[in-house]
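# Tertiary structure, described
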Amino acid sequence: MSRENQIVEEAAGWIDRLNQPAFDAAAGPDFDAWMAASPRHREVFADLQALWHSEALVEALGQAGRAPITAPAPSEPGNRFRRTWATAPGWRRPRARCCSRFC
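The present account deals with the structure reproduced in this document. (Residues numbered from 1 in each chain as written. Predicted model: local features only at pLDDT ≥ 70, side-chain atom pairs only at ≥ 80, totals over all residues. Heavy atoms only, no water.)

## Quick look at the nonpolar core
As a rule of thumb, nonpolar side chains are buried together in soluble globular proteins. Judged by nonpolar contacts, Ile 7, Val 8, Ala 11, Trp 14, Ile 15, Ala 27, Phe 31, Trp 34, Met 35, Val 44, Phe 45 and Leu 48 together constitute the single largest core of twelve residues. No other element matches helix H1 (residues 3-18), which puts five residues into this core. Setting aside residues no more than four positions away along its own chain, Ile 7 makes contact with Trp 34, Arg 40, His 41 and Val 44. (Core = buried A, V, L, I, M, F, W, Y, C linked by side-chain atoms within 4.5 Å. Buried < 20%, exposed > 50% of the residue type's maximum accessible area, 1.4 Å probe, protein only. Helix = DSSP H or I, 4+ residues; strand = E, 2+ residues; numbered from the N terminus. Contact = heavy atoms within 4.5 Å.)

## Thoughts on the packing of H1 against helix H3 (residues 39-52)
Interaxial distance between H1 and H3 falls to 9 Å at its minimum, and their mutual angle equals 55°. Accordingly, the angle class assigned to the pair H1 and H3 is oblique. In the packing of H1 onto H3, the handedness of the crossing is right-handed. Counting all contacts with H1, which are made through Arg 3, Glu 4, Ile 7, Val 8, Glu 10, Ala 11, Ala 12, Trp 14, Ile 15 and Leu 18, the residues of H3 involved are Arg 40, His 41, Val 44, Phe 45, Leu 48, Gln 49 and Trp 52. Per-class residue counts for the contact of H1 with H3 are eleven nonpolar, two polar and four charged. (Axes fitted to C-alpha atoms, helices over the stretch in contact; angles between N-to-C directions. Parallel < 35°, antiparallel > 145°, perpendicular 65-115°, else oblique. Left-handed = near helix turned anticlockwise from the far one by under 90°. Nonpolar A, V, L, I, M, F, W, Y, C, P; charged D, E, K, R; others polar.)

Quick look at the structure:
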């Protein structure tokens, strides 16, 4: 995993922890230390926090909730590495406008 991906994963973990109904106050100093460790930590955290609270995320989750859920088509014998999830009926490529720079 690249350092950038690790920072994104850590920031996402902090956002998840901070948005739980009960936050362990003992983790506060760990969060403060993580934020102080690098300007990049603060940048990525701010970007993901903005995404977490954005209308685009709410809209995307709402659309995902309305999408039909279907089982993937079975693979052809002899071609077990075929990506069936991408060819399942009703599957659409998600539009990731906000976080495409993190992938």
